[in-house]
Amino acid sequence: MPASRPLARLAAIAAPLLLATPAAGQQMHVLVHSAPLAGFQYYAGKILWDEMREGDRLALVRERDNPHDPFAVRIDWRGTKLGYLPRSDNRAVAAEIDKGTPIGARIGRLSRDPNPWKRLRVDVYVGL
């Protein structure tokens, strides 16, 4: 099954929910994917660690002209690059961004694990 199928299927399931009228003051969003942050050790994550909180919004920035990966999705926190969605997890998210699907992300988990791949989990939502 192509990598974009699971996210596309979840987006299709989420679409009717997003069209529903939420209660006043509420926003609808559906978790469709979780992935570790790739590159934590190379970007600003270490410097910003004490400021970040679980649940903080993350920006998904599509980098179509990235020379290393045409499906690259950069992860920013408050305008600062933290890293990327892993190559193994980015194709479906990139496709949805390219289609204009309302998609966003939050910090799902922070952990002081010595393995940089386990320090920050990115939760991707439709409708955020």
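The structure contained in this document is the topic of the report that follows. (Residues numbered from 1 in each chain as written. Predicted model: local features only at pLDDT ≥ 70, side-chain atom pairs only at ≥ 80, totals over all residues. Heavy atoms only, no water.)

1. What about the side chain of Arg 62?
The topology assignment puts Arg 62 in strand β2 (residues 57-63). According to the relative accessible area criterion, Arg 62 is buried, its value standing at 13%. In terms of polar contacts, Arg 62 uses its side chain to reach the backbone carbonyl oxygen of Ala 72, at 3.4 Å. A distance of 3.0 Å separates a polar atom in the side chain of Arg 62 from a polar atom in the side chain of Asp 98. Ignoring anything within four residues of it in the chain, the contact list for Arg 62 reads Pro 70, Phe 71, Ala 72, Val 73, Ala 94, Ile 97 and Asp 98. (Helix = DSSP H or I, 4+ residues; strand = E, 2+ residues; numbered from the N terminus. Buried < 20%, exposed > 50% of the residue type's maximum accessible area, 1.4 Å probe, protein only. Polar contact = N/O pair within 3.5 Å; in protein donor to acceptor, adjacent residues only side chain to side chain. Contact = heavy atoms within 4.5 Å.)

2. Some details on the sheet that holds β2
Strands sit in the order β1-β6-β5-β2-β3-β4 across an open sheet of 6 strands; the sheet is antiparallel. Here the strands that pair on one side only, and so sit at the sheet edges, are β1 (30-36) and β4 (80-84). On average, each strand axis in the sheet is inclined to that of its neighbour by 35°, with strand direction left out of account. Here β2 runs beside strand β5 (residues 103-110); their pairing, made up of 2 bridges, is antiparallel. Across the sheet, residue Leu 58 finds its bridge partner in β5, namely Ala 105. (Pairing = 2+ DSSP bridges. Axes fitted to C-alpha atoms, helices over the stretch in contact; angles between N-to-C directions.)

3. Regarding the environment of Ala 44
Relative to the helices and strands, Ala 44 is located in the loop between β1 and α2 (45-48). Taking the relative accessible area as the measure of exposure, Ala 44 reaches 14% and is therefore buried. Measuring from C-alpha to C-alpha, the distance between Ala 44 and Thr 80 comes to 7.1 Å, with 36 residues separating the pair along the chain.

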